[in-house]
Amino acid sequence: MALADIKTKIQQEADEKAREIKEKANRKATKTKEFAEQEIEEREKENQRKINDEKPKVFQRHEIVADLDIKKARLGFQKTLIRDVFAKALDRLQNLSNEEYGSFAEQLLEEAMVSGDEEVVVGKAEKVLTREWLDAFNEKHGSSLKLAGEQGSFQGGFILRRGRIETNCTFEMLVATTQEDLESTVYEKLFSA
């Protein structure tokens, strides 16, 4: 055999071997691609299944949070409304006519008085509960109440003091105490339905 024939034979064997390797690599690549596509398809199905399972739960959680937000907003509104109701009550007390205010204060003082010789502290802007008013009260009830030397920083009502014991009959305190007692009743009347 001649050198050229040997060279041709080697070249043919090399080409054949290269073609076999290439075919083997193509078959392996095709199998790998098919496996990868199958894996991708399975994962997509699994992900879609998880999404379908979680979707109602996510919506339910969002609905629960939205309901809580609505209830919180409603409660805040209701508290504001109740606070406004009692603020209006305080405003109404502070704007009583002089006659109504004097009569109301007289009833409060009668109930709050223990010994009849207490001191009465009035607010700085007080115009009805004066020394003359207190003198008339003392004469009518046989008491010896005195007007305190200092004045309080409240609007309406009074503080009855004997030594270190004080009975707070200011309008602010009366409304605050009443609010504690009546808040649930007011809530029911305003928001029952």
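Computed from a predicted model, the values in this text were never measured in an experiment. (Residues numbered from 1 in each chain as written. Predicted model: local features only at pLDDT ≥ 70, side-chain atom pairs only at ≥ 80, totals over all residues. Heavy atoms only, no water.)

Caption draft 1: Seen up close, the overall build of the protein. A tally of regular secondary structure across the protein gives 4 helices and 4 strands. The C-alpha atoms of the protein give a radius of gyration of 46 Å, which is well past the 16 Å a tight globule of 193 residues would have. Dimensions of the protein, computed from C-alpha atoms along their principal axes, come out at roughly 155 × 40 × 25 Å. Taking all 193 residues of the protein together, the buried fraction comes to 22%. Accessible surface, the protein: about 15,000 Å² in total, of which carbon and sulfur atoms supply 53%. Averaging the coordinates of the 33 positive side-chain charges in the protein and doing the same for the 39 negative ones gives two points 13 Å apart. (Helix = DSSP H or I, 4+ residues; strand = E, 2+ residues; numbered from the N terminus. Rg over C-alpha atoms; globule rule 2.2 N^0.38 Å. Buried < 20%, exposed > 50% of the residue type's maximum accessible area, 1.4 Å probe, protein only. Areas by Shrake-Rupley, 256 points an atom, 1.4 Å probe, with all protein chains shown as cover. Lys, Arg positive; Asp, Glu negative; His and termini not counted. Charge placed at Lys NZ, Arg CZ, Asp CG, Glu CD.)

Caption draft 2: Fine view of the packing of helix α2 (residues 98–112) against helix α3 (residues 131–141). Interhelical geometry of α2 versus α3 gives an angle of 50° and a closest axis separation of 12 Å. Accordingly, the angle class assigned to the pair α2 and α3 is oblique. Handedness of the crossing formed by α2 with α3: right-handed. Here Gly-102, Ala-105, Glu-106, Leu-109 and Glu-110 of α2 lie close against α3, whose contacting residues are Trp-133, Leu-134, Phe-137, Lys-140 and His-141. Partitioned by chemical class, the residues of the contact of α2 with α3 number 5 nonpolar, 2 polar and 3 charged. (Axes fitted to C-alpha atoms, helices over the stretch in contact; angles between N-to-C directions. Parallel < 35°, antiparallel > 145°, perpendicular 65-115°, else oblique. Left-handed = near helix turned anticlockwise from the far one by under 90°. Contact = heavy atoms within 4.5 Å. Nonpolar A, V, L, I, M, F, W, Y, C, P; charged D, E, K, R; others polar.)

Caption draft 3: Quick peek at the nonpolar core. Within the largest apolar cluster, 25 residues are counted, with the highest numbers of intra-cluster contacts made by Leu-109, Val-120, Leu-129, Trp-133, Leu-145, Phe-158 and Leu-160. When sequence neighbours within four positions are dropped, the list of residues in contact with Leu-129 reads Tyr-101, Ala-105, Val-122, Leu-147, Gly-157 and Phe-158. (Core = buried A, V, L, I, M, F, W, Y, C linked by side-chain atoms within 4.5 Å.)

Caption draft 4: Examining the layout of surface pockets more closely. Considering only enclosed or pocket space, the largest pocket measures out at about 260 Å³ in volume. In terms of lining residues, the largest pocket is bounded by 14 residues, among which Gln-94, Tyr-101, Ala-125, Glu-126 and Lys-127 are the most central. When residues of the lining of the largest pocket are traced back to their parent elements, those giving at least two are α1 (3–94) and α2. The residue inventory of the lining of the largest pocket, partitioned by class, reads 7 nonpolar, 5 polar and 2 charged. (1 Å grid on protein atoms, 1.4 Å probe; cavity = no way out; pocket = protein on both sides within 12 Å on 5 of 7 lines; lining within 4 Å. Points joined across faces, edges and corners; volume = space filled by probe spheres on them.)

Caption draft 5: Main features of the pattern of salt bridges. The full count for this structure, using the stated rule, is 13 salt bridges. Here Glu-23 ties to Arg-19 by a salt bridge, and the two come within 3.4 Å at their closest N and O atoms. Of this pair, Glu-23 and Arg-19 are both found in helix α1, 4 residues apart, which corresponds to roughly one turn of the helix. The class of Glu-23 is partly exposed, set by a relative accessible area of 37%. According to the relative accessible area criterion, Arg-19 is partly exposed, its value standing at 38%. (Salt bridge = Lys/Arg side-chain N within 4 Å of Asp/Glu carboxyl O.)

Caption draft 6: Up close: the sheet that holds strand β2 (residues 146–147). Pairing in this open sheet of 4 strands is mixed, and the strands run β2-β1-β3-β4 from one edge to the other. Among the strands making up the open sheet, the edge pair consists of β2 and β4 (165–170). Pairing geometry for strand β1 (residues 119–122) and β2, over 2 bridges, is parallel. Across the sheet, the residue bridging to Glu-119 is Lys-146, located in β2. Of the strands in this sheet, β1, β3 (157–162) and β4 are in contact with α2, which crosses β3 at around 25°. (Pairing = 2+ DSSP bridges.)

Caption draft 7: Just the side chain of Asn-138, in detail. For Asn-138, the location among the structural elements is in helix α3. The exposure class of Asn-138 is buried, given its relative accessible area of 10%. Within polar-contact distance, the side chain of Asn-138 engages the backbone oxygen of Leu-145 at 2.8 Å. Not counting residues within four places of it along the chain, the set of residues in contact with Asn-138 comprises Ser-143, Ser-144 and Leu-145. (Polar contact = N/O pair within 3.5 Å; in protein donor to acceptor, adjacent residues only side chain to side chain.)

What is shown is where atoms sit, not what they do.
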